[in-house]
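# Analysis of the macromolecular model
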Amino acid sequence: MWGGAGGPPTPPPAGHRPRRFPPGDGVHAAWDRRRFAAGQGPPYEESEPDWLSPAPRDGAPNALVILLDDTGFGNLSCYGAPVETPNMDALAASGLRYNSFHVTPLCSPTRASLLTGRNHHAVGISTITGFGDSGYPNQRGRISRHAATLAEMLSEEGFATFALGKWHLNPPQHGSAAGPHDEWPLQRGFDRFYGFLPGATPQFHPDLTRDNHPATPPRTPAEGYHLTEDLVDHAIEFLNDLKAHRPDTPFFMYFATGAMHYPHQAPKAYIDKYRGRFDEGWDILRERTFRRQIELGIIPPETRLPPSNPGVVPWEALGRNERAFVCRLQEAWAGFLDHTDAQIGRLIEHLRAMGQLDDTVVVLTADNGASQNGGPYGVMNAGPSGMRNAANDGRTVGERLGRPAPEEDFDAIQERLDDIGGPKSNSDIPWGWSQVGNTPLRWYKQDTHGGGVRVPLIVRFPAAIQDDGGIRSQFHYVTDIAPTILEILGVEPRSHYRGYDQMPIAGTSLAYTLGDDDGATRKPIQHFEMMGKRGLWHAGWKAVARHELGDDYGDDVWELYHLDQDFSECNDLAGAEPDRLRRMVDLWWAEAGRHGVLPLDDRFGARRPVRRDATAVRLVPPMSRVPRAQSPALGRNPWSVIADVEIRDAETAGVIYSQGSSLDGFSLFVRNAALGLACNVLGSPALGRATTTLPQGRVNLGVLFEPGDNDAGTFTLVVEGRAVGSIGIPNVARISKMRGVEVGRDGHSPISDAYDAPFEFTGTIHSVDVLIADEPAP
């Protein structure tokens, strides 16, 4: 050793080099401990440390990705829309707009590709995660561990990572407090999460998750609650927490709104703002949007406006009450987008106030085009089986499986027009308005034509953009977002993350376009596929086939468009250039093989056979609210809810079991020493009460459901196996919409005004047993 015992160290000999200790090398560490114990090891002054905590490069910028839902190419004001979006317009004015940016046709696949930089089939998300595991690698209903997310990549480089809003990347049966949590945001690289796990949720009564556990909205709708505002509040909280304690740490924030997926719900003032603005009808407003797009330069001047999509009702063919209804639906849609824009503006202004905005690359886009789920006339109350496809006579998935189609009574519904957009509606717009939102493109969400896959993209990053407000026309795809962000942040992706070999990133960074307004795209080729609908872009050309459910793939008709000269896919050149089309189709098959697209699968719904045996569920409080997707699947079959409770005295009262919401739901409760049942069908309440008082002490009580004739049914109240009262339900089809369960209270979306929610039960609930029969009643 240099230096005397107990004295200060003396300088090492000339030419001595500090020893570098291999991090985590147990053998060397043990050997070095022996040397130190013998008094022979060098002191720390002569050793070179290797820090375990990752430190990002000096001056690393932040990244904010804002992902809108179901938002078409022509839905933003800066893309020609008649809806006001001043804050998104301001991002475009100080950044860039892209007019040839493409995504997948559906929610989950786009999110998987955006976060990983890989094609969606390759990572196991061929369609929405709700369809589950198909038994093939292209549809596992979760992102492969061999495809790290941006959060996983950036957290390794010292970035803080936040996710807010819609997730939709875990199997739906894994969405309760019980997990498993392995595909939740925190297990895929995010430090914090606040939002919702399924594909959609009500804006006034959402199913919320905070980090790894269920959460309750901080306010009620009567107190001014709205989900988008709540998401921004938490985004600001996450940023403030970070900068208060780790001010030099850069962040990656993934902010995915519930807007503009149905239900279209917004504060009343935003909806009222648009009253009367759509009375001219969708035909005129589509033409006006198209002309404005040309004026803005967001589409080429030679672009043609295609004829209306099949199934869109001409405005002149609608009756007075039909027009009143569809206009209210669009007013709610517009108010929802306007309100979303205001909240995005609030987040952007907070970044500005923090001095972080100009050091943040902001990317704003959408997961797919405007939706076709609402059908030709729109719906007041959309349901979970409402994935409607215009290619199949406008029928929903449920209708193709034999369930009745929802039909609005346009005369009767006039009395409820003011409910549209509020907590007592679950509305979705008709094809006519969705077509306006996708102007000037054809078809919709789910489709591989332009209306399904060509969406707005706004990028703001002052350090790299010189022509504020510029427009870029290079073809790019959603897989290109991740490599773009990695390039801007100076991060080289690793070959292994969390012990897993990584598949190559398929995307092409578009960072070069930030300073290049007219160069050729660097994207070589891109395939599309969604439930049999296919497409391929290559060298300015696009081949596309609009497959219909159940058809033979060999019978699909391929179309051919020269996108560089035909922005809106109007001039089908398949007949004029058969050889080119043949080469394009061959290329599609080659790309499909390379990227794991096969086997083709056009099924709507669960890809794994579901057993339809009797279902028994036991619930024991205290427990978290059961989310919609995990709640007992009540329906037309006979079923029962039986509770084992303790009635302490004559004052014992409260809700024992509630399922559903204020729109469709029922609750079993005790009041005035009697058993009661409240039921809501499409917001129309009914109330039943037992004819006898309850005994005190431990008792079994509940409700039995029996279907009847003509879609009617009966709820029967029972105490100790004896019927004590009943109530009829006119439409048993709505029972399947009664999702989400609370035991011992009714606080999430109160089912009845007959009591003061949450009306918590003051006795003791030992258990609640739900039994669902295995066969429909004869």
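Residues numbered from 1 in each chain as written. Predicted model: local features only at pLDDT ≥ 70, side-chain atom pairs only at ≥ 80, totals over all residues. Heavy atoms only, no water.

## What to know about the packing of helix α5 (residues 227-245) against helix α8 (residues 320-353)
Contact pair α5 / α8: the axes reach a minimum separation of 9 Å and the direction vectors enclose 10 degrees. When the axes of α5 and α8 are compared, the pair comes out roughly parallel. Of the residues in α8, those in contact with Thr-228, Glu-229, Val-232, Asp-233, Ala-235, Ile-236, Leu-239 and Asn-240 of α5 are Phe-336, His-339, Thr-340, Gln-343, Arg-346, Leu-347, His-350 and Leu-351. For the contact of α5 with α8, the per-class residue count stands at seven nonpolar, six polar and three charged. (Axes fitted to C-alpha atoms, helices over the stretch in contact; angles between N-to-C directions. Helix = DSSP H or I, 4+ residues; strand = E, 2+ residues; numbered from the N terminus. Parallel < 35°, antiparallel > 145°, perpendicular 65-115°, else oblique. Contact = heavy atoms within 4.5 Å. Nonpolar A, V, L, I, M, F, W, Y, C, P; charged D, E, K, R; others polar.)

## Brief notes about the pattern of salt bridges
Tallied over the entire structure, the rule returns 47 salt bridges. With a closest N to O distance of 3.1 Å, Lys-445 and Asp-70 form a salt bridge. One end of the pair, Lys-445, is in the loop between α10 (431-437) and α11 (450-453); the other, Asp-70, is in the loop between β3 (62-68) and α2 (86-93), with 375 residues separating them in the sequence. Here Asp-556 ties to Arg-534 by a salt bridge, and the two come within 2.7 Å at their closest N and O atoms. Placement of Asp-556 in the loop between β19 (541-545) and β20 (558-562) and of Arg-534 in strand β18 (residues 533-538) is noted, with a sequence separation of 22 residues between them. Here Asp-556 matches Arg-534 in class, with each residue buried. Here the salt bridges share partners, and the residues they tie into one network are Lys-268, Asp-272, Arg-275, Arg-328, Glu-331 and Asp-418. (Salt bridge = Lys/Arg side-chain N within 4 Å of Asp/Glu carboxyl O. Buried < 20%, exposed > 50% of the residue type's maximum accessible area, 1.4 Å probe, protein only.)

## Thoughts on the sheet that holds strand β23 (residues 654-660)
Spatially, five strands are ordered β26-β25-β24-β23-β30 in an open sheet, and the strand pairing comes out antiparallel. Among the strands making up the open sheet, the edge pair consists of β26 (684-689) and β30 (741-743). Direction aside, the axes of adjacent strands within the sheet are offset by 15 degrees on average. In terms of strand pairing, strand β24 (residues 665-671) meets strand β25 (residues 674-681) through seven bridges, oriented antiparallel. (Pairing = 2+ DSSP bridges.)

## Let's talk about empty space enclosed by the protein
Across all of its chains, the model carries six cavities of 30 Å³ or more by this definition. Looking at the largest cavity, its volume works out to about 100 Å³. Lining the largest cavity are 14 residues, and of these Ser-126, Asn-138, Pro-599, Asp-601 and Arg-607 sit closest to its centre. Taken as a whole, the second largest cavity spans an internal volume of roughly 70 Å³. Among the elements that make up the lining of the second largest cavity, the one with the highest residue count is α10 (three residues). Per-class residue counts for the lining of the second largest cavity are eight nonpolar, four polar and no charged. (1 Å grid on protein atoms, 1.4 Å probe; cavity = no way out; pocket = protein on both sides within 12 Å on 5 of 7 lines; lining within 4 Å. Points joined across faces, edges and corners; volume = space filled by probe spheres on them.)

## Looking at the confidence of the model for the chain
The share of residues in the chain with pLDDT of 70 or more is 89%, and the mean pLDDT across the chain is 90. Segment residues 1-9 is flagged for pLDDT under 50; beyond a separation of four residues in sequence, or across chains, it makes ten contacts in the model. Considering only residues more than four positions removed or in separate chains, one finds that residues 392-406, a stretch of pLDDT under 50, has 31 contacts. (pLDDT = per-residue confidence, 0-100.)

## Describing the packing of aromatic side chains
For the coordinates displayed, the defined rule picks out 28 aromatic pairs. Summarising the aromatic geometry, the rings of Trp-282 and Trp-315 are spaced 5.0 Å apart at their centres and angled 80 degrees between planes, so their arrangement reads as edge-to-face. Within this pair, whereas Trp-282 is found in helix α7 (residues 282-296), its partner Trp-315 is found in the loop between α7 and α8, the two being separated by 33 residues in sequence. Here a set of aromatic residues connected by ring pairs shows up, and it is made of Tyr-274, Phe-278, Trp-282, Trp-315 and Trp-433. Between the NZ or CZ atom of Lys-542 and the centre of the ring of Phe-528, over which it lies, the distance is 5.5 Å. Geometry around Trp-541 places Arg-580 over its ring, the cationic atom sitting 3.9 Å from the centre. (Phe/Tyr/Trp six-rings, centres within 6.5 Å; stacked < 30°, edge-to-face > 60°. Lys NZ or Arg CZ within 6 Å of the ring centre and 35° of its normal.)

## Comments concerning the packing of α2 against α8
One can describe the packing of α2 onto α8 by two numbers: an axis separation of 7 Å at closest approach and a directional angle of 55 degrees. With respect to α8, the axis of α2 lies oblique. The residues of α8 that touch α2, namely those facing Pro-86, Asn-87, Met-88 and Leu-91, are Leu-337, Asp-341, Ala-342, Ile-344, Gly-345 and Ile-348.

## Regarding unusual backbone geometry
In the segment running from Thr-439 into Pro-440, the intervening peptide bond is cis, with an omega of 5 degrees. A cis amide bond, omega 0 degrees, links Pro-621 with the succeeding residue Pro-622. Among the structural elements, Pro-622 can be located in the loop between β21 (615-619) and β22 (639-647). Even without being glycine, Ala-673 reaches a positive phi, approximately 65 degrees. Mapped onto the fold, Ala-673 is located in the loop between β24 and β25. Backbone geometry places Glu-720, a non-glycine residue, at a positive phi of 50 degrees. Examined against the element boundaries, Glu-720 turns out to sit in the loop between β28 (713-719) and β29 (722-729).

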